[in-house]
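Architecture at a glance
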Amino acid sequence: MGDARFEPVVCMGAVMHERTWPAHNRFIYPLATLRIPLSRFGQLKVPLLGVDRPNLFSLHRRDHGPRDGSPLLPWIRGLLQDQGLAAADGEIVLQTMPRMFGYLFNPVSLWFCHDPEGRLRAVLAEVNNTFGERHNYLVAHPDRRPILPGDELRASKVFHVSPFFPVRGEYRFRFARQGGVVSTAIDYWEGGRCQLATRLSGHEQPLTGRALAAWLARLPLMTFGVIARIHWQALRLALRRVPFHRKPLPPTEEISS
């Protein structure tokens, strides 16, 4: 059998956000994602799932990376090479939400980049905002050593996401996988305090038509719900008079590390 980390899977779980300042606001919503090894992206043949074609669930190359529909693996390999991470030339696993009924708004997709021995070397966080803009944060240890579970990786915030936070401070990332449960922690720090904690977790199960049917029964409008919930939480914060920050121009570079 191959490495279980590098098998196509469904992750059924939840996302949690907790704002701590200047007003406390916490919510948890059910969420599901796919984890797809890029070496098998074009070979997926799963009932209910289309790859670069319509279906109830669909994955499209144009939704990621260069956004032009070209193969994703050469793009990420070139990016890693340019950033001094040539050692991360093993399997790369993309964790993302698929389109459902053709619709998708994906706040963040994660690219887990391993070396040939299967050790995690870097993670690319592909971030989208509701204004149609995107930015990529590439996190790795400064000395490029393997990333271990619980290691903290930092990236300066340069991209506008929420109008209720300024574009300053930093993100702190942690990644873990244990007993078939994968989790990502992203904390936003500014002014010497953690102002927003985000947790994304899910229990892995093989990517099959049965798993997708169960997803559809449980969360039939998930991708529509993501954008609706973003605006609902924004309305709640606005009604509580949380300070509002105007959107600045996006960063000139699409990748920061």
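This report concerns the structure included in the present document. All values reported here derive from a predicted model rather than from experimental measurement.

1. Some points on the environment of Arg236
By the secondary structure assignment, Arg236 is in helix α3 (residues 222-239). Judged by its relative accessible area of 31%, Arg236 falls in the partly exposed class. Sequence spacing of Arg236 and Asn25 is 211 residues, and the spatial spacing of their C-alpha atoms is 9.0 Å.

2. With respect to the packing of aromatic side chains
Counting across every chain of the model gives eleven aromatic pairs. Between Tyr171 and Tyr188, the ring centres sit 5.8 Å apart and the planes meet at 50 degrees, which makes this aromatic pair tilted. Placement of Tyr171 in strand β11 (residues 170-178) and of Tyr188 in strand β12 (residues 181-190) is noted, with a sequence separation of 17 residues between them. Judged on exposure class, the residue Tyr171 and its partner Tyr188 are both buried. Site record: aromatic cluster; members linked through ring pairs are Phe112, Tyr137, Phe165, Tyr171, Phe173, Phe175 and Tyr188. Sitting above the plane of the Trp189 ring, Arg172 keeps its charged end 3.9 Å from the centroid. Lying across the ring of Phe131, Lys247 places its NZ or CZ 5.7 Å from the centre.

3. Regarding the sheet that holds strand β4 (residues 57-59)
Note: strands within a sheet are paired through backbone hydrogen bonds, in either parallel or antiparallel orientation. Spatially, three strands are ordered β3-β4-β6 in an open sheet, and the strand pairing comes out mixed. Two strands bound the open sheet, and with one partner strand each, they are β3 (49-51) and β6 (99-100).

4. Section: α3
Between the first and last C-alpha of α3 there are 25 Å, a value that for 18 residues agrees with the 26 Å anticipated at 1.5 Å per step. Of the positions making up α3, those classed as buried are Met222, Thr223, Gly225, Val226, Ile227, Gln233 and Leu237. Structurally, α3 contributes buried residues whose contacts are with β1 (9-19), β2 (25-37), β6 and α2 (209-218). Two residues or fewer after α3 comes Arg241, characterised by a positive phi angle close to 60 degrees.

Conventions used here
- Residues numbered from 1 in each chain as written.
- Predicted model: local features only at pLDDT ≥ 70, side-chain atom pairs only at ≥ 80, totals over all residues.
- Heavy atoms only, no water.
- Helix = DSSP H or I, 4+ residues; strand = E, 2+ residues; numbered from the N terminus.
- Buried < 20%, exposed > 50% of the residue type's maximum accessible area, 1.4 Å probe, protein only.
- Phe/Tyr/Trp six-rings, centres within 6.5 Å; stacked < 30°, edge-to-face > 60°.
- Lys NZ or Arg CZ within 6 Å of the ring centre and 35° of its normal.
- Pairing = 2+ DSSP bridges.
- Expected span 1.5 Å × (residues − 1).
- Contact = heavy atoms within 4.5 Å.

Taken by themselves, the reported measurements are silent on function.
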